[in-house]
Amino acid sequence: MNAEILRDVLVPEGLFGAPEAAAGLPREDGCLRGDLVLRDGRVAGMVRGAAQGRPRVVIPALVEAHCHLDKCHTIGRMTGIGGDLRAAIQAQAADKAHWTAADLRARIGRGMDEAMAAGCDLVRSHVDWPEDGRPPLAWSVMAEAAQDRPGLELDRAALMAVDLLAEPGMAERVAGHIAATGGTMGAFVLDHARREDGLRAVIEAAGRHGLALDFHVDEGLADGLDGLGLIAELVIETGFDGPVLCGHCCSLMNVDGPALDRLIERIARAGICVTALPTTNLYLQGRGPGTPDRRGLTRLRELAAGGVPIAVASDNVGDAFCPTGWHDPLAALNLAVLAGHLDPPFARWLPAVTHDAARALGRPARPVLDAPLSALRLSAAPDLPGLVSGRFAPPRAIAPADIEPTGI
């Protein structure tokens, strides 16, 4: 069967796969430029082609590695919103009086549709877990909403305060339900008194049930928050070998010099991925009587330089934690570029919303080479700054009209 061609595209070199297959291709700003060769609906290779004037960008489908579909789009029924993380927690808890099946289904579906329109095919949503340990209504409603959207893979992560998970039997009870229904074990870790006991229980329960781990950790700029270091130590001590994702990690900004180097080395040795969530953290962190003078980000550049995989995600959308936003990892990356000084070439940061984000969720890397067309997205942007900026329409699925027959 003759091949088909997707002409004159840019593919970020680190997302292509098999460097030997890219030998001899032109490079532009961290990208390969040429024609993608397609056979039987998959990418068979890339060849030098005639420039068509303005190339288009091809990337793997995006990954939304951290969001809250159970909370999204509730801001319209809230009043007097403002304040720090704890104030947002209280306001959002009050809104749960409205969380009927119909309300959840409508809002969760809206959030999923936004993510798919942005170019995502994989989403991890955290789900607030009640203090009694029983699964929440949102857990099942979210699964039902995902079944109605066959182009989207959903991973649900239970979210519960780590001190509650320190109670005897609680971590095992939650992990057992997740193992039976599919999903990821998680916890909220801040300055809880029993955080080490809770973390140990969570890690051990996840290990027994073969679950991945995802923590909200050190979501603040106060000195002395130590959850990230504790998680790294316990992962190493217990030999836990599943994926571990730690989101927020804002207080890492308080650590520098040799102490930061040692902590990053320990995080890397534990195999932890760190997710930056710029929308929520810029909105909530560093609050005072006037304009904030601290960024609510983690140390993205230092983590990446130390070999720690990083992801960037949308987090909260239209709720008490972030009253604006939408489910779009590229929009979150654009904000991270501005707030965290993530300088070009952007090819080195795009894995944070594709390759590395997928691996952080326990999925395989998703190179362009040998990928089915359904796993790729095409953008009209002629370069990566245009792609990340959002100046063009969101990257979309590749259509038959984009492809030409060839005699190759």
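The structure we're discussing is the one just above.
So, here is what we can say about the structure in this document. (Residues numbered from 1 in each chain as written. Predicted model: local features only at pLDDT ≥ 70, side-chain atom pairs only at ≥ 80, totals over all residues. Heavy atoms only, no water.)

**Here's the deal with the overall build of the protein**
Part 1 of the reasoning: Of the regular secondary structure elements, the protein holds 14 helices and 15 strands.
Part 2 of the reasoning: The C-alpha radius of gyration computed for the protein amounts to 21 Å, which stays within 12% of the reference 22 Å derived for 408 residues, consistent with globular compactness.
Part 3 of the reasoning: Overall, the C-alpha framework of the protein stretches about 65 × 50 × 45 Å when taken along its three principal axes.
Part 4 of the reasoning: In the protein, which comprises 408 residues, the proportion classed as buried is 54%.
Part 5 of the reasoning: Sequence separation of 24 or more characterises 78% of the internal contacts of the protein that already satisfy a separation of 6 or more.
Part 6 of the reasoning: With an accessible surface of roughly 16,200 Å², the protein has 52% of that area assigned to carbon and sulfur atoms.
Part 7 of the reasoning: Each charge class in the protein can be summarised by its mean position, and for the 39 positive and 52 negative side chains these summaries are 3 Å apart. (Helix = DSSP H or I, 4+ residues; strand = E, 2+ residues; numbered from the N terminus. Rg over C-alpha atoms; globule rule 2.2 N^0.38 Å. Buried < 20%, exposed > 50% of the residue type's maximum accessible area, 1.4 Å probe, protein only. Contact = heavy atoms within 4.5 Å. Areas by Shrake-Rupley, 256 points an atom, 1.4 Å probe, with all protein chains shown as cover. Lys, Arg positive; Asp, Glu negative; His and termini not counted. Charge placed at Lys NZ, Arg CZ, Asp CG, Glu CD.)

**Brief notes about the nonpolar core**
Part 1 of the reasoning: One finds M185, F215 and L333 to be the most contacted residues of the largest nonpolar core, which totals 88 residues.
Part 2 of the reasoning: By size, the runner-up hydrophobic cluster in this structure holds 19 residues, among which are V9, F16, V43 and L376. (Core = buried A, V, L, I, M, F, W, Y, C linked by side-chain atoms within 4.5 Å.)

**A closer look at the packing of aromatic side chains**
Each pair of aromatic rings is reported with the distance of its centres and the angle of its planes.
Part 1 of the reasoning: Here the structure, examined in full by the defined rule, presents 1 aromatic pair.
Part 2 of the reasoning: Both rings, one in W129 and one in W139, keep their centres 5.0 Å apart while their planes meet at 80°; by these two values the pair is edge-to-face. On the criterion of sequence distance, the pair formed by W129 in the loop between β7 (120-128) and α4 (137-147) and W139 in helix α4 is long-range, its members being 10 residues apart. One exposure class covers both W129 and W139, and it is buried. (Phe/Tyr/Trp six-rings, centres within 6.5 Å; stacked < 30°, edge-to-face > 60°.)

**Let's talk about the sheet that holds strand β12 (residues 272-276)**
Pairing between the strands of a sheet comes from backbone hydrogen bonds, and it takes one of two forms, parallel or antiparallel.
Part 1 of the reasoning: Strand order in the open sheet formed by 5 strands is β9-β10-β11-β12-β13, and the pairing between neighbours is parallel. Whereas interior strands pair on both sides, the edge strands pair on one side only; in this sheet they are β9 (185-189) and β13 (310-312). Shown here is a sheet whose adjacent strand axes are inclined to one another by a mean of 20°, direction ignored.
Part 2 of the reasoning: Note: strand β11 (residues 244-248) against β12, 4 bridges, orientation parallel. Each residue of the ladder has a partner; that of C246, found in β12, is V274. (Pairing = 2+ DSSP bridges. Axes fitted to C-alpha atoms, helices over the stretch in contact; angles between N-to-C directions.)

**Here's the deal with the environment of A171**
Part 1 of the reasoning: Tracing the backbone shows A171 in helix α6 (residues 170-181).
Part 2 of the reasoning: Taking the C-alpha atoms as reference points, A171 and M160, 11 residues apart in sequence, are found 9.7 Å from one another.
Part 3 of the reasoning: Beyond its immediate sequence surroundings of up to four residues, A171 is in contact with L165, M185, A201, V202 and A205.

**Quick look at helix α12 (residues 329-340)**
Along an α-helix, residues three or four apart share an orientation, since each turn contains 3.6 residues.
Part 1 of the reasoning: Taking 1.5 Å of rise per residue, 12 residues should cover 16 Å, and α12 covers 15 Å from first to last C-alpha, within 8% of that figure.
Part 2 of the reasoning: Burial in α12 covers these residues: P329, L330, A332, L333, A336, V337, A339 and G340.
Part 3 of the reasoning: In this structure, the buried residues of α12 make contact with β6 (62-67), β7, α10 (278-284), α11 (300-305), β13 and α14 (384-389).
Part 4 of the reasoning: For α12, the N-terminal capping position is held by D328, with its side-chain oxygen 3.0 Å away from the main-chain nitrogen of L330.
Part 5 of the reasoning: A positive backbone phi angle near 55° is found at H341, which sits one or two residues after α12. (Expected span 1.5 Å × (residues − 1). Polar contact = N/O pair within 3.5 Å; in protein donor to acceptor, adjacent residues only side chain to side chain.)

**A short note on the packing of α6 against helix α7 (residues 195-209)**
Part 1 of the reasoning: For the pair α6 and α7, the least separation of the axes is 9 Å and the interaxial angle reads 35°. Helix-helix and strand crossings are classified by hand; for α6 and α7 the assignment is right-handed. Seen from α6, the contacting residues are A171, E172, A175, G176 and A179; seen from α7, they are A201, V202, A205, R208 and H209.
Part 2 of the reasoning: Residue classes in the contact of α6 with α7 are distributed as 6 nonpolar, 2 polar and 2 charged. (Left-handed = near helix turned anticlockwise from the far one by under 90°. Nonpolar A, V, L, I, M, F, W, Y, C, P; charged D, E, K, R; others polar.)

Nothing here speaks to function; it is all geometry.
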